[in-house]
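Architecture and fold: a report
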Amino acid sequence: MPLETMTELLEAGVHYGHQTKRWNPKMRDFILEEKNSIHIIDLSKTVDQLLKAGEFLSGVSRQGGKILFVGCKKQAQEAVKEAAQACGQFYVNQRWLGGTLTNLVTIRKSVSKLKEFEALEKSAGFNKINKAEASALRREATRIRHNLEGVLEMDKLPDVIVIIDTVKETIAVAEARRLGIPIVAVVDSNSNPEEINYPIAGNDDAIRSIRIILQKLVDSIVKSRQGGRLATEVAVPADELTAVAE
C-alpha cells in the first residue's frame with residue numbers, strides 16, 4: 001500500500017511545496033530537495049504521516065468521536081465538504097468565524113436563530129410580517145446557513161479537527177490548541193508543523209493534492225465503521241491540472 005499511495009501522491013502533485021523564499025525552516029525535515037526554486041516535499045515522509053493520521057482518525061471514529069474538517073480557501077471548499085459528508089462528519093468551508101470552538105455557545109445561538117426563522121417561515125403567521133422585516137430575516141438566515149451549514153448539528157466540541165492550510169486557518173489552529181483538541185493538518189513548506197499533532201507534509205494549494213489526501217483520511221474513517229469498505233472516491237475532472245503554489 002505505501003508504494004501505491006506514493007504513486008498516487010506523486011501523480012497528484014502532493015510533493016510540490018512553495019517557492020524556496022517562502023519556506024518555514026521548521027519544515028526542513030520534510031523537504032527532499034530544491035528544484036527550480038521550489039521545495040520538493042519528501043513523499044516517503046508524507047506516506048508515513050498519512051498512515052499515522054489515518055489510524056488516529058480511525059480510532060476516534062470507531063469510538064464514536066466527531067471530526068471537524070476545515071478548509072475555507074477556494075481550492076479546498078468543495079473537497080472539504082465532500083470529504084466530511086462522505087464520512088458523516090462536520091465541516092467549515094466558507095469562513096472560520098472566530099469563536100467557532102472557543103465560544104461555541106454563541107455559535108449555537110446563531111444556529112437556534114436560523115431554526116427559529118425556518119420554523120416561522122413555514123408557519124401561518126409569517127404572512128403577517130411586513131415585507132422589509134421578512135426580507136431582513138431572510139438575509140440573516142441565508143448568511144448564517146452559508147457560514148455554518150456544516151456545523152448546524154455540532155452541539156458540542158469535536159474530538160479532532162482536520163485542517164487544510166494551517167497558515168490560512170491560523171485562528172482555527174489557535175482555538176483547537178487552546179482547547180487541547182488534537183489537530184490533523186496538511187502542512188505545506190511554508191507551515192509550522194510543530195503546532196500540529198498529526199502533520200501531513202504536502203501541497204495544500206493544488207485541488208488534486210487536497211483531494212487525494214482527504215480521500216486517504218476519509219477511507220480510514222469509513223473503513224473503521226463499515227467493515228473495510230472504502231468511501232466512494234470523489235472524482236477529479238480530467239482537465240484539472242496540479243498547480244504549483246506561487
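Only a predicted model underlies this, so the values are computations on that prediction, with no experimental measurement involved. (Residues numbered from 1 in each chain as written. Predicted model: local features only at pLDDT ≥ 70, side-chain atom pairs only at ≥ 80, totals over all residues. Heavy atoms only, no water.)

Topic: the packing of helix H1 (residues 2-11) against helix H2 (residues 43-62)
It is at 10 Å that the axes of H1 and H2 come closest, and there the two elements cross at 115 degrees. Remark: the crossing between H1 and H2 carries right-handed chirality. Contact residues: Pro2, Thr5, Met6, Leu9 and Leu10 in H1; Leu43, Ser44, Thr46, Val47 and Leu50 in H2. A breakdown of the residues in the contact of H1 with H2 according to their chemical character gives 7 nonpolar, 3 polar and no charged. (Axes fitted to C-alpha atoms, helices over the stretch in contact; angles between N-to-C directions. Helix = DSSP H or I, 4+ residues; strand = E, 2+ residues; numbered from the N terminus. Left-handed = near helix turned anticlockwise from the far one by under 90°. Contact = heavy atoms within 4.5 Å. Nonpolar A, V, L, I, M, F, W, Y, C, P; charged D, E, K, R; others polar.)

Re the sheet that holds strand S3 (residues 38-41)
As summarised here, the arrangement of the 3 strands in space is S1-S3-S2, forming an open sheet in which the pairing is antiparallel. Of all the strands in the sheet, the pair left with one neighbour each is strand S1 (16-19) and strand S2 (31-35). Within the sheet, the average angular offset between the axes of one strand and its neighbour, ignoring direction, is 30 degrees. As paired strands, S2 and S3 are joined by 4 bridges and run antiparallel to one another. Residue pairing in the sheet places glutamate 34 in a bridge with histidine 39 of S3. (Pairing = 2+ DSSP bridges.)

A look at unusual backbone geometry
One non-glycine residue, asparagine 36, lies in positive phi territory at about 50 degrees. Under the relative-accessibility criterion, asparagine 36 is labelled exposed at 70%. (Buried < 20%, exposed > 50% of the residue type's maximum accessible area, 1.4 Å probe, protein only.)

Here we look at the packing of helix H3 (residues 74-86) against helix H7 (residues 207-225)
Two numbers describe how H3 lies on H7: the axes approach to 10 Å, and their chain directions differ by 10 degrees. The angle between the axes of H3 and H7 places the two elements in the roughly parallel class. Residues Gln75, Ala76, Glu78, Ala79, Val80, Glu82, Ala83 and Ala86 of H3 form the contact with H7, whose own contacting residues are Ile207, Ile210, Arg211, Leu214, Val218 and Val222. Across the contact of H3 with H7, the residue classes tally to 10 nonpolar, 1 polar and 3 charged. (Parallel < 35°, antiparallel > 145°, perpendicular 65-115°, else oblique.)

Observations regarding the packing of aromatic side chains
Aromatic ring pairs: the centre-centre distance and the angle between the two ring planes describe each pair. All chains considered together, the criterion is met by 1 aromatic pair. Consider the rings of phenylalanine 56 and tyrosine 198, whose centres lie 4.4 Å apart with planes at 15 degrees: the pair is stacked. Pair noted here: phenylalanine 56 is in helix H2 and tyrosine 198 is in strand S8 (residues 198-201), with a separation of 142 residues, a long-range link. In this structure, lysine 66 packs its charged tip against the face of phenylalanine 90, placed 5.2 Å from the ring centre. (Phe/Tyr/Trp six-rings, centres within 6.5 Å; stacked < 30°, edge-to-face > 60°. Lys NZ or Arg CZ within 6 Å of the ring centre and 35° of its normal.)

Here we look at the pattern of salt bridges
If you walk through the whole model with that rule in mind, you get 12 salt bridges. Across the pair lysine 216 and glutamate 8 runs a salt bridge, and its minimum N-O distance is 2.5 Å. Separated by 208 residues along the polypeptide, lysine 216 in helix H7 and glutamate 8 in helix H1 bring together distant segments of the chain. The closest approach of N and O atoms between lysine 81 and glutamate 149, which form a salt bridge, is 3.8 Å. (Salt bridge = Lys/Arg side-chain N within 4 Å of Asp/Glu carboxyl O.)

Structural notes on helix H6 (residues 170-179)
When we look at burial in H6, the residues that qualify are Ala172, Val173, Glu175 and Ala176. Seen from one end, H6 has its buried residues packed into an arc of 165 degrees, which puts them on one side. Buried residues along H6 sit against strand S6 (160-164) and strand S7 (183-187). At the C-terminal side of H6, glycine 180 shows a positive phi close to 75 degrees. (Arc of directions from axis to C-beta.)

What about the confidence of the model for the protein chain?
The share of residues in the protein chain with pLDDT of 70 or more is 91%, and the mean pLDDT across the chain is 89. Below a pLDDT of 50 lies the segment residues 228-246, which in the model reaches 41 contacts outside its immediate sequence neighbourhood of four places, other chains included. (pLDDT = per-residue confidence, 0-100.)

So, the nonpolar core
Within the largest apolar cluster, 37 residues are counted, with the highest numbers of intra-cluster contacts made by Leu68, Trp96, Leu148, Ile161, Ile163 and Ile183. Of all elements in the fold, only strand S4 (67-70), strand S5 (90-92), helix H4 (104-122), helix H5 (131-148), S6, H6 and S7 reach the threshold of two or more residues within this core. For this core, the element with the highest residue contribution is H4, accounting for 5 residues. For tryptophan 96, the residues in contact, after removing those within four places along its chain, are Leu68, Val70, Cys72, Leu101, Ile161, Glu169, Ile171, Ala172 and Glu175. In terms of nonpolar packing, the next biggest core, distinct from the first, is built from 32 residues, Leu43, Leu57, Ala83 and Ile213 among them. (Core = buried A, V, L, I, M, F, W, Y, C linked by side-chain atoms within 4.5 Å.)

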